[in-house]
Number of protein chains: 2
Amino acid sequence: MPNSTRTRASTGNSAKKSEKKTTVSPSPERRRELLSTAAEVFAAQGYNATTVRRIADEAGMLAGSLYYHFDSKESMVDEILSTFLDELWAGYEAVLGAGLGPRETVEALVTESFREIDRHRAAVAIYQKESKHLSAQPRFGYLTESQRRFERAWLGALERGVAEGVFRADLDIRLAYRFLRDTVWVAASWYRPGGQHSPEEIARQYLSMVLDGITPRERQERP
Amino acid sequence: MPNSTRTRASTGNSAKKSEKKTTVSPSPERRRELLSTAAEVFAAQGYNATTVRRIADEAGMLAGSLYYHFDSKESMVDEILSTFLDELWAGYEAVLGAGLGPRETVEALVTESFREIDRHRAAVAIYQKESKHLSAQPRFGYLTESQRRFERAWLGALERGVAEGVFRADLDIRLAYRFLRDTVWVAASWYRPGGQHSPEEIARQYLSMVLDGITPRERQERP
DNA sequence: GAGCTTCCCTAACAAGTGTTTGGTAGGTTA
DNA sequence: TAACCTACCAAACACTTGTTAGGGAAGCTC
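This structure is a prediction, so every number in the text was calculated from the model and none was measured.

A.B. asks: Help me out: how do you make sense of the overall build of chain A in this one?
C.D. replies: Secondary structure assignment for chain A yields 8 helices and 0 strands. Written out in order from the N terminus, the α and β elements of chain A read α-α-α-α-α-α-α-α. The 223 residues of chain A split such that 50% are buried. Within chain A, contacts between residues separated by at least 24 positions form 70% of all contacts whose residues are at least 6 apart in sequence.

A.B. asks: Any chance you could explain the relation of the copies chain A and chain B here in plain terms?
C.D. replies: Both copies of the chain are related by a screw-like operation: a rotation about an axis and a shift along it. Superposing chain A onto chain B takes a rotation of 180 degrees combined with a translation of 0.0 Å along the rotation axis, leaving an RMSD of 0.1 Å. Each copy turns onto its partner about a two-fold axis. Judged by C-alpha distance, G213 of chain A is the residue of chain A that lies nearest the rotation axis, at 1.8 Å. Interface residue correspondence from chain A to chain B reaches 100%, placing this contact among same-surface, isologous pairings.

A.B. asks: Could you clarify how one ought to interpret the protein's contact with DNA strand D in this entry?
C.D. replies: If you check the shell around DNA strand D, you find 19 residues, and the closest are T51, Y67 and K73 of chain A together with L62 and H69 of chain B. One nitrogen or oxygen atom from the main chain of T50 of chain A is found 3.2 Å from a phosphate oxygen belonging to DNA strand D. A distance of 3.0 Å separates a phosphate oxygen of DNA strand D from a polar atom in the backbone of V52 of chain A. Its residues placed into classes, the surface near DNA strand D shows 6 nonpolar, 9 polar and 4 charged.

A.B. asks: Is there a simple way to think about the pattern of salt bridges in this case?
C.D. replies: When their charged atoms lie close together, side chains carrying opposite charge are able to pair. If you walk through the whole model with that rule in mind, you get 30 salt bridges over all chains. A salt bridge links E79 of chain A to R31 of chain A; the shortest N-O distance between them is 2.4 Å. With E79 of chain A in helix α3 (residues 73-96) and R31 of chain A in helix α1 (residues 28-45), this pair connects stretches of sequence that are 48 residues apart. Overall, the relative accessible area of 17% leaves R31 of chain A in the buried class. Between E87 of chain B and R119 of chain B there is a salt bridge, with the nearest N and O atoms lying 3.6 Å from each other. Here the residue E87 of chain B occupies a position in helix α3 (residues 73-96), and R119 of chain B occupies one in helix α4 (residues 102-119), the gap between them amounting to 32 residues. Connected through salt bridges with shared partners, the residues E74, D78 and R139 of chain A form a single ionic network.

A.B. asks: Which parts of the structure should I look at to understand the side chain of R168 of chain B?
C.D. replies: On the secondary structure map, R168 of chain B appears in the loop between α6 (141-164) and α7 (173-185). The exposure class assigned to R168 of chain B is buried, which follows from its relative accessible area of 9%. Ignoring anything within four residues of it in the chain, the contact list for R168 of chain B reads S208, D212, G213, I214, T215 and P216 of chain A together with V162 of chain B.

A.B. asks: Would you mind showing me how to read the environment of G161 of chain B here?
C.D. replies: All names here are of chain B. By secondary structure assignment, the location of G161 is in helix α6. The class of G161 is buried, set by a relative accessible area of 0%. For G161 and R103, which are 58 residues apart along the polypeptide, the C-alpha to C-alpha distance reads 6.5 Å. Those residues in contact with G161 that sit more than four places away from it in its chain are P102, V166 and F167.

A.B. asks: Got a minute to help me understand the packing of helix α5 (residues 121-134) of chain A against helix α6 (residues 141-164) of chain A in this structure?
C.D. replies: Two numbers describe a pair of packed helices, the interaxial angle and the distance between the axes. Residue and element names in this part refer to chain A. It is the contact of α5 with α6, at a shortest axis distance of 9 Å, that shows an interaxial angle of 115 degrees. Between α5 and α6, the crossing angle belongs to the class labelled roughly perpendicular. In the crossing of α5 with α6, the sense of the turn from one axis to the other is left-handed. Counted together, Y127, S131 and L134 of α5 and L143, S146 and Q147 of α6 form the full contact between these two elements. When its residues are assigned to classes, the contact of α5 with α6 shows 3 nonpolar, 3 polar and no charged.

A.B. asks: Help me understand the interface of chain A and chain B, please; the structure alone is not making it clear to me.
C.D. replies: Where the parts come together, the accessible area they lose is often given as the size of the interface. Counting residues at the interface gives 44 residues for chain A, matched by 44 residues for chain B. Buried area between chain A and chain B, both sides added, is near 4,300 Å², and the carbon and sulfur share of it is 58%. In terms of surface lost to chain B, no three residues of chain A exceed R168, F179 and I214 of chain A, which account for 17% of the buried area on that side. Counting across the chain A and chain B interface gives 22 residue pairs in polar contact (both at pLDDT 80 or more). The biggest single contributor to the side of chain A that touches chain B is helix α8 (residues 199-212) of chain A, with 8 residues. Each residue belonging to the side of chain A that touches chain B can be placed in one class, and the counts come to 18 nonpolar, 11 polar and 15 charged.

A.B. asks: Whenever I open this one, the side chain of S208 of chain A confuses me. Can you help?
C.D. replies: For S208 of chain A, the location among the structural elements is in helix α8. A residue is classified by how much of its surface remains accessible, and S208 of chain A, at 13% relative accessible area, is buried. Of the polar contacts made by the side chain of S208 of chain A, one reaches the side chain of R168 of chain B; its length is 2.6 Å. In this structure, S208 of chain A is in contact with G213 of chain A together with R168 and L171 of chain B, ignoring residues within four places of it in sequence.

A.B. asks: How do you make sense of the environment of I80 of chain B when you look at a structure like this?
C.D. replies: Residues and elements named next belong to chain B. Mapped onto the elements, I80 comes out in helix α3. In this structure I80 comes out as buried when scored by relative accessible area, which is 6%. Residues I80 and S36, spaced 44 residues apart in sequence, show a C-alpha to C-alpha distance of 8.1 Å. Those residues in contact with I80 that lie beyond four places of it in its chain are L35, A38, A39, F42, A123 and I126.

A.B. asks: Which parts of the structure should I look at to understand the packing of aromatic side chains?
C.D. replies: We describe a pair of aromatic rings using the distance from one ring centre to the other and the angle between the two ring planes. Summed over all chains, the structure comprises 19 aromatic pairs over all chains. Measuring from ring centre to ring centre gives 6.2 Å for F84 of chain A and Y127 of chain A, while their planes differ by 65 degrees; the resulting arrangement is edge-to-face. Placement of the pair is F84 of chain A in helix α3 and Y127 of chain A in helix α5, with a sequence separation of 43 residues. Y127 of chain A matches F84 of chain A in its accessibility class, with the two residues each being buried. Between F140 of chain B and Y142 of chain B, the aromatic rings sit 6.2 Å apart at their centres with planes inclined by 40 degrees, giving tilted as the arrangement.

What counts, and at which threshold
Residues numbered from 1 in each chain as written. Chains lettered and ligands numbered in written order. Predicted model: local features only at pLDDT ≥ 70, side-chain atom pairs only at ≥ 80, totals over all residues. Heavy atoms only, no water. Helix = DSSP H or I, 4+ residues; strand = E, 2+ residues; numbered from the N terminus. Buried < 20%, exposed > 50% of the residue type's maximum accessible area, 1.4 Å probe, protein only. Contact = heavy atoms within 4.5 Å. Least-squares fit on C-alpha atoms with pLDDT ≥ 70 in both. Near = heavy atom within 4 Å. Polar contact = N/O pair within 3.5 Å; in protein donor to acceptor, adjacent residues only side chain to side chain. Nonpolar A, V, L, I, M, F, W, Y, C, P; charged D, E, K, R; others polar. Salt bridge = Lys/Arg side-chain N within 4 Å of Asp/Glu carboxyl O. Axes fitted to C-alpha atoms, helices over the stretch in contact; angles between N-to-C directions. Parallel < 35°, antiparallel > 145°, perpendicular 65-115°, else oblique. Left-handed = near helix turned anticlockwise from the far one by under 90°. Buried area = accessible area lost by both parts, 1.4 Å probe. Phe/Tyr/Trp six-rings, centres within 6.5 Å; stacked < 30°, edge-to-face > 60°.

Here's what the structure looks like:
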């Protein structure tokens, strides 16, 4: 029993357009358990390198038994990624709709991102590694759409910030966007929940570097 | 003929411990051509998702024919990654041995990194995606070793910088290291050679953000 | 206890995988 | 012309892959 007890209560929506075949009527809690182990293996080995037999092994059952809960290996990643993105965007929209200034928006987005990494480490890692070639398939079109929303959100905050003078005007704004986006999300590749730093602490340090740079400033004045 | 003419002259060492089977005596130039196309496919689709038939297709020949030049799919990635790392470390050692100050060392390392991305985009992308689970195999132990050298080089420069006061003392140095390392290398996922920005230009912008931050400084004074 | 549901197992399938073996067209050397 | 080498093809091999079909054990309801 490698998986042991895993009782994370997450309010995933899952089952989007799932009235097509649905094996029988599996319990949602068991589904989430299995998805959690699957996500762990996917994140560690990569999606294509992971066999359904390996997942079943880790879950303490045989490969065929997985198909009582899911109708394909593909629908497993699908559900993993879509539930993650749903929760992510719930958090993001809350930030974007709060009427914050550009700098505060960036700070809140970064902090929220690290919280999501803390909660969905495996899903984030999968998203980073696989989204590029998964999004080629029409089934995963929401990955591309999510990327666009991402870009709008970040670019918007950066542009407003430059316009209001709280961000430097001499920077390539698209480069800065990619810079921010990447620096935040790659953290999922080394971050381990329960480590020394809390997500908020990591966010604080990251923001410190991104906003002020790693060289010392003469006077550190912030109202 | 999808590959057309590709005549990049690189002084790869390749063929490390290759006196074990070596199919026959393939010409080194053809090897490099094929490795170039293979690297392109690996970077685009991922190593495991790439079939040897796909590589052969892209090279305009049949799958079995590849085995005249290489003895396995694995040895293809091996050669791609090891030749890249060899060249990378040649450049890095040149920087590290130049007796530069901490800030100049960081600047030079970043610039050199973007030059390597420009030259070995595909290899860097592969390295990023696959090194984690490739390094589990003893054959790819040099990946782990390279990672350690990386850490030593960057951490050393950062520590010296903090000691000399050219870098902020209030930052978690390991976080800063991962921050720097990641921000530089993830660029390989979106960088396209021949684009708007030269490697040096991108390095300049990145360094500007990393060193000074994205918020404006009151006085910009640098001797 | 009959019937039903939930959850998993056993055993197989077809397709796709990396790899091998033997052959051969074309050029170079003798 | 004969022998040889390079670079590829054609066809198959053994194995792994995701997936399916049928069955059965435990627990609940009536």
